[in-house]
Amino acid sequence: MKLVNSGKARAHTNIALIKYWGKADETYIIPMNNSLSVTLERFYTETKVTFDPEYTEDVLVLNGETIEGKESVKISRYMDIVRAQADTTMYARIESENYVPTAAGLASSASAYAALAAACDKALNLGLSGKALSRLARRGSGSASRSIYGGFVEWEKGHDDVSSYSFPIEADRWEDDLAMIFVVINNKSKKVSSRAGMSLTRDTSRFYKYWLDHVDEDITAVKHAIKQKDFKQMGEVIEANGLRMHATNLGAQPPFTYMVDDSYLAMNVVHQCREAGYPCYFTMDAGPNVKILVEKKNQQAVLDALHQSFSEDQIIASDITRTGVEIIE
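Only a predicted model underlies this, so the values are computations on that prediction, with no experimental measurement involved.

Here's the deal with the packing of aromatic side chains
Thought 1: Throughout the structure, instances matching the rule amount to eight aromatic pairs.
Thought 2: On the basis of an interplanar angle of 65 degrees and a centroid distance of 5.6 Å, the ring pair of Phe231 and Tyr281 is categorised as edge-to-face. Placement of the pair is Phe231 in helix α6 (residues 231-250) and Tyr281 in strand β11 (residues 280-283), with a sequence separation of 50 residues.
Thought 3: Phe231 gets classed as buried once you look at its relative accessible area, which sits at 4%.
Thought 4: Their ring planes at 85 degrees and their centres at 5.4 Å tell us that Phe256 and Tyr258 sit as a pair that is edge-to-face. Summarising the burial analysis for this pair, Phe256 and Tyr258 share the class buried.
Thought 5: The side chain of Arg10 reaches across the aromatic face of Tyr44, ending 5.6 Å from its centre.

Below, the structure written as structure tokens:
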């Protein structure tokens, strides 16, 4: 009887409140700085992996469509890492369903590689700890290391493959009171990819050292705010951190920006909401879309304000989930 091993897992994507921007090691995806995120309830990936000694190559099926080319090659390279860790030569069939709308400007790679790592762990009976699973997911996508856990999560940058991993931050269920709103500005391909933007700012931006010098104090401040359940303190820090990251891009050679006119319009709505007594704070990743952190009690007021400037299909809301990666089959 031939040996067939399979496993299926679900992982949610996350949004960095304190940003990861720039790699110290491109091969092992070791970041230049620690980061801190929240895990989103609405957006997730489910992936089934089947290893079979009769397979002659890895096959990736995404949302029912067989994927070839660059993405297929990338997955096979990742599976080589898994095979080396499991001491096996078996190829795999990877079937993935992605419930992360590409238009939302979310890094679906975070949930994708977290789910893939967990499914491989199950299929090959590796018995990995959360820390080890986070490290394995990181090899596919840096932010995937954070999607192993729910709630607030910190990614310890470390200095090598062993020391770079994520871990959850206890928040006494405060996550249940919070939500995130996405303002979809533009779903077109970026002129400067995240990978290229990170490298360019790391290597050429005159503002990059200032960014690195302040990240640790930002993380300390946010962790204190989480402990105290101080939404105002956390919001002020994450907003400043996101703007500081984007400022590094303007100091690069050549300078570039991900922001567009509607990005500033969304930020202005956030300012207006705060002035009206509805605290909320924005952040942005490597793209024009704006993410807004808000307490659930004020969520509808902020949504109403956004609808004055943006259409219904441009606005997506999600709760924060305390659920980490799950084995579902």
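Some remarks on the side chain of Ser96
Thought 1: Take Ser96: it is sitting in strand β7 (residues 91-99).
Thought 2: Residue contacts for Ser96: discarding those within four places in its chain leaves Thr45, Glu46, Thr47, Val61, Leu62 and Asn63.

What to know about the domain arrangement of the protein chain
It is common to give the size of an interface as the accessible area that goes away when the parts come together.
Thought 1: Along its sequence, the protein chain is carved into domain 1 (5-173) and domain 2 (179-319).
Thought 2: Using only C-alpha atoms to locate each centre, domain 1 and domain 2 end up separated by 24 Å.
Thought 3: Summed over both partners, the interface of domain 1 with domain 2 comes to about 3,000 Å²; 67% of that surface belongs to carbon and sulfur atoms.
Thought 4: Interface area lost by domain 1 to domain 2 is led by Ile18, Lys19 and Trp21, which between them contribute 28%.
Thought 5: One can count four salt bridges joining domain 1 with domain 2.
Thought 6: A salt bridge links Lys229 to Asp172; the nearest nitrogen and oxygen atoms lie 3.3 Å apart.
Thought 7: Here domain 1 and domain 2 share 17 residue pairs in polar contact (both at pLDDT 80 or more) between them.
Thought 8: Elements supplying a minimum of two residues to the side of domain 1 that touches domain 2: β1 (5-18), β4 (35-52) and β8 (152-156).
Thought 9: The element that contributes the greatest number of residues to the side of domain 1 that touches domain 2 is β4, accounting for eight residues.
Thought 10: Class assignment for the residues of the side of domain 1 that touches domain 2 results in 18 nonpolar, six polar and eight charged.

Here we look at the environment of Leu62
Thought 1: Within the secondary structure, Leu62 sits in strand β5 (residues 59-62).
Thought 2: For Leu62, the residues in contact, after removing those within four places along its chain, are Ile67, Ser96 and Asn98.

Side note on the nonpolar core
Thought 1: Counting residues in each nonpolar core, the largest one holds 42 residues, and the members touching the most others are Leu36, Phe152, Ile226 and Met234.
Thought 2: Of all elements in the fold, only β1, β4, β8, β10 (178-183), α5 (208-228) and α6 reach the threshold of two or more residues within this core.
Thought 3: With eight residues, the single largest contributor to this core is α5.
Thought 4: Residues lining this core come from more than one domain, with at least three contributed by each of domain 1 (5-173) and domain 2 (179-319).
Thought 5: If near-sequence neighbours (up to four positions away) are discounted, Met234 is found in contact with Leu17, Phe152, Trp174, Leu178, Val222, Ala225, Ile226 and Leu293.
Thought 6: Membership of the second largest hydrophobic core comes to 32 residues, among which are Phe51, Tyr78, Ala115 and Ala117.

Considerations on the sheet that holds strand β13 (residues 315-319)
Thought 1: As summarised here, the arrangement of the four strands in space is β11-β12-β10-β13, forming an open sheet in which the pairing is antiparallel. Bordering the open sheet on either side are β11 and β13, each of which pairs with just one other strand. Each strand axis lies, on average, 25 degrees off the axis of its neighbour in the sheet, ignoring direction.
Thought 2: Of the strands in this sheet, β10, β11 and β12 (290-295) are in contact with α6, which crosses β11 at around 25 degrees.
Thought 3: Helix-sheet contacts for helix α8 (residues 296-306) involve β10, β11, β12 and β13, and the interaxial angle to β12 is about 140 degrees.

Observations regarding the environment of Met284
Thought 1: Residue position: Met284 is located in the loop between β11 and β12.
Thought 2: Residue classification places Met284 among the buried residues on the basis of a relative accessible area of 2%.
Thought 3: Separated by 43 residues in sequence, Met284 and Asn241 have C-alpha atoms that sit 9.7 Å apart.
Thought 4: With sequence-adjacent residues up to four places away left out, Met284 is seen in contact with Lys19, Met245, His246, Met259, Ser263, Met267, Asn289 and Val290.

Observations concerning unusual backbone geometry
Thought 1: Of the consecutive residues Gln253 and Pro254, the connecting peptide bond is found in the cis state with omega at 0 degrees.
Thought 2: One can find Pro254 in the loop between α6 and α7 (261-275).
Thought 3: The backbone of Ile29 sits at a positive phi, close to 55 degrees, despite the residue not being glycine.
Thought 4: Mapped onto the elements of the fold, Ile29 is located in the loop between β2 (23-25) and β3 (30-31).
Thought 5: One non-glycine residue, Asn63, adopts positive backbone phi at about 50 degrees.
Thought 6: One can find Asn63 in the loop between β5 and β6 (65-67).

Reading the values: the criteria
Residues numbered from 1 in each chain as written. Predicted model: local features only at pLDDT ≥ 70, side-chain atom pairs only at ≥ 80, totals over all residues. Heavy atoms only, no water. Phe/Tyr/Trp six-rings, centres within 6.5 Å; stacked < 30°, edge-to-face > 60°. Helix = DSSP H or I, 4+ residues; strand = E, 2+ residues; numbered from the N terminus. Buried < 20%, exposed > 50% of the residue type's maximum accessible area, 1.4 Å probe, protein only. Lys NZ or Arg CZ within 6 Å of the ring centre and 35° of its normal. Contact = heavy atoms within 4.5 Å. Domains from an automatic or database assignment. Buried area = accessible area lost by both parts, 1.4 Å probe. Salt bridge = Lys/Arg side-chain N within 4 Å of Asp/Glu carboxyl O. Polar contact = N/O pair within 3.5 Å; in protein donor to acceptor, adjacent residues only side chain to side chain. Nonpolar A, V, L, I, M, F, W, Y, C, P; charged D, E, K, R; others polar. Core = buried A, V, L, I, M, F, W, Y, C linked by side-chain atoms within 4.5 Å. Pairing = 2+ DSSP bridges. Axes fitted to C-alpha atoms, helices over the stretch in contact; angles between N-to-C directions.

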